[in-house]
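Reading the structure
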Amino acid sequence: MEQSLYLMLDSRGTPIARGRLSGPVTGQYWQITVLDGKIDEILAHKKLKLLSITDSGPSYQGNIVRSRNDMIQLEVEKLNADAADMRKNLRVLVRFKSFIYPVTGRWRGRREVESHDLSAGGIAFFTDHSLEVGEQLELVVPVTTQPLVLSCQLLRMRPTERSDTLLYAAKFLELCDDEESMLRESVFNLQLRGRPKPSEYSA
């Protein structure tokens, strides 16, 4: 059975690295192998938040007790915050071209859009066409391990400094477990790739 993968965040909620739960859980003590060669970045922090990548389980907070090579031991406790909300609210700025298709809208055919940001719960995108808040549509998400065609509903129009286009926010509807897992992992990986290096953080 595959061991659980976790996204490891600092106290401000910024993703730092991925970690794999190693060995049995002994009470509140966890052994986690830090992946992607980022052990030094992890050890720069005393306290971490853990969000599961491989399932929709609860989130945790842990204090680093000791480390050896790429492995750390954490004293963990379950966070009271809703893990599902934390995952959905973890939003990453990402740009890709895509298409939308009408479900309840009065228009026909397909329209090209450009993403602004993406989360496990929804997306914001630019379009040259006026849409109606509340309408449902299908949208292609090409940045997951396999492209997904997802149903979503327009929530609102967002302000934008771009004068030649409109920006809409939409939430995803009726995601199956595989779709949610693929979205979550894609958002986490994009967030890690786009994260500033330690030297880029302000003091």
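This one's a predicted model, so the numbers in the text were calculated from it and none came from an experiment.

1. Structural notes on the overall build of the chain
- Secondary structure assignment for the chain yields 3 helices and 13 strands.
- Split into buried and exposed, the 203 residues of the chain put 45% on the buried side.
- Sequence-distant contacts in the chain: of pairs separated by 6 or more residues, those separated by 24 or more amount to 54%.
- Split by element, the accessible area of the chain, about 11400 Å² in all, is 45% carbon and sulfur.

2. Concerning the pairing of strand β11 (residues 136–141)
- In the sheet, strand β8 (residues 97–102) pairs with β11 via 3 bridges, with the strands oriented antiparallel. When the sheet's bridge partners are listed, Pro102 is paired in β11 with Leu137.
- Strand direction decides the pairing type here: β11 and strand β12 (residues 148–158), joined by 6 bridges, are antiparallel. From the neighbouring strand, Val141 faces β12, where its bridge partner is Leu148.
- Between β11 and the antiparallel strand that follows it, β12, lie 6 residues.

3. Here's the deal with the nonpolar core
- Residues Leu118, Phe125 and Leu139 are the most contacted members of the largest nonpolar core, which totals 33 residues.
- Elements with a contribution of two residues or more to this core: β1 (5–9), β9 (111–118), β10 (122–127), β11, β12, β13 (166–172) and α3 (177–194).
- Per-element tally for this core: the top contributor is α3, with 6 residues.
- Apart from residues no more than four positions distant in its own chain, Leu118 is found in contact with Leu90, Arg91, Val92, Val94, Ile123, Val141, Val143, Phe172, Leu183 and Val187.
- One finds Ala17, Ile32, Val34 and Leu50 within the second-largest nonpolar core, a separate group that totals 16 residues.

4. Some remarks on the packing of aromatic side chains
- Applying the stated criterion across every chain, the model contains 3 aromatic pairs.
- Here the aromatic rings of Tyr6 and Trp30 are separated by 5.5 Å at their centres, their planes lie at 50°, and the arrangement is tilted. Within this pair, whereas Tyr6 is found in strand β1, its partner Trp30 is found in strand β3 (residues 29–34), the two being separated by 24 residues in sequence. Accessibility assignment for this pair places Tyr6 and Trp30 in one class, buried.
- Site record: aromatic cluster; members linked through ring pairs are Tyr6, Trp30 and Tyr60.

5. Focus on the confidence of the model for the chain
- Taken over all residues, the pLDDT of the chain has a mean of 84, while the share at 70 or more is 86%.
- Note that pLDDT drops below 50 for residues 196–203; the model gives that stretch 5 contacts with residues more than four away or on any other chain.

6. Let's talk about the pattern of salt bridges
- Taken as a whole and assessed by the stated rule, the structure comprises 7 salt bridges.
- Of the charged contacts, one joins Arg162 and Glu114 as a salt bridge, the two residues approaching to 3.4 Å between their closest N and O atoms. In this pair, Arg162 sits in the loop between β12 and β13 while Glu114 sits in strand β9, placing the two residues 48 residues apart along the sequence.
- The exposure class assigned to Arg162 is partly exposed, which follows from its relative accessible area of 30%.
- The exposure class assigned to Glu114 is buried, which follows from its relative accessible area of 17%.
- The salt bridge involving Glu180 is made with Arg184; its shortest N-O contact spans 3.8 Å.

7. Some words on the sheet that holds strand β4 (residues 47–52)
- Taken in spatial order, the 6 strands line up as β1-β2-β3-β6-β5-β4 and close into a barrel, and their pairing is antiparallel. Strand-to-strand twist in this sheet, taken as the mean axis angle between neighbours without regard to direction, amounts to 45°.
- Alignment of strand β2 (residues 15–21) against β3, held across 3 bridges, turns out to be antiparallel. Among the inter-strand pairings, Arg20 is bridged to a residue of β3, identified as Thr33.

8. Some thoughts on the pairing of β8
- The pairing of β8 with β9 spans 4 bridges and is antiparallel. Within the sheet, the bridge partner assigned to Ser98 lies in β9 and is Val113.

9. Here's the deal with the layout of surface pockets
- Volume-wise, the second largest pocket comes out at about 150 Å³.
- Forming the walls of the second largest pocket are Lys97, Glu112, Val113, Glu114, Phe126, Thr127, Asp128, His129, Arg162 and Thr165.
- Elements represented by at least two residues in the lining of the second largest pocket include exactly β9 and β10.
- The biggest single contributor to the lining of the second largest pocket is β9, with 3 residues.
- For the lining of the second largest pocket, the per-class residue count stands at 2 nonpolar, 3 polar and 5 charged.

Each value, and the rule that gives it
Residues numbered from 1 in each chain as written. Predicted model: local features only at pLDDT ≥ 70, side-chain atom pairs only at ≥ 80, totals over all residues. Heavy atoms only, no water. Helix = DSSP H or I, 4+ residues; strand = E, 2+ residues; numbered from the N terminus. Buried < 20%, exposed > 50% of the residue type's maximum accessible area, 1.4 Å probe, protein only. Contact = heavy atoms within 4.5 Å. Areas by Shrake-Rupley, 256 points an atom, 1.4 Å probe, with all protein chains shown as cover. Pairing = 2+ DSSP bridges. Core = buried A, V, L, I, M, F, W, Y, C linked by side-chain atoms within 4.5 Å. Phe/Tyr/Trp six-rings, centres within 6.5 Å; stacked < 30°, edge-to-face > 60°. pLDDT = per-residue confidence, 0-100. Salt bridge = Lys/Arg side-chain N within 4 Å of Asp/Glu carboxyl O. Axes fitted to C-alpha atoms, helices over the stretch in contact; angles between N-to-C directions. 1 Å grid on protein atoms, 1.4 Å probe; cavity = no way out; pocket = protein on both sides within 12 Å on 5 of 7 lines; lining within 4 Å. Points joined across faces, edges and corners; volume = space filled by probe spheres on them. Nonpolar A, V, L, I, M, F, W, Y, C, P; charged D, E, K, R; others polar.

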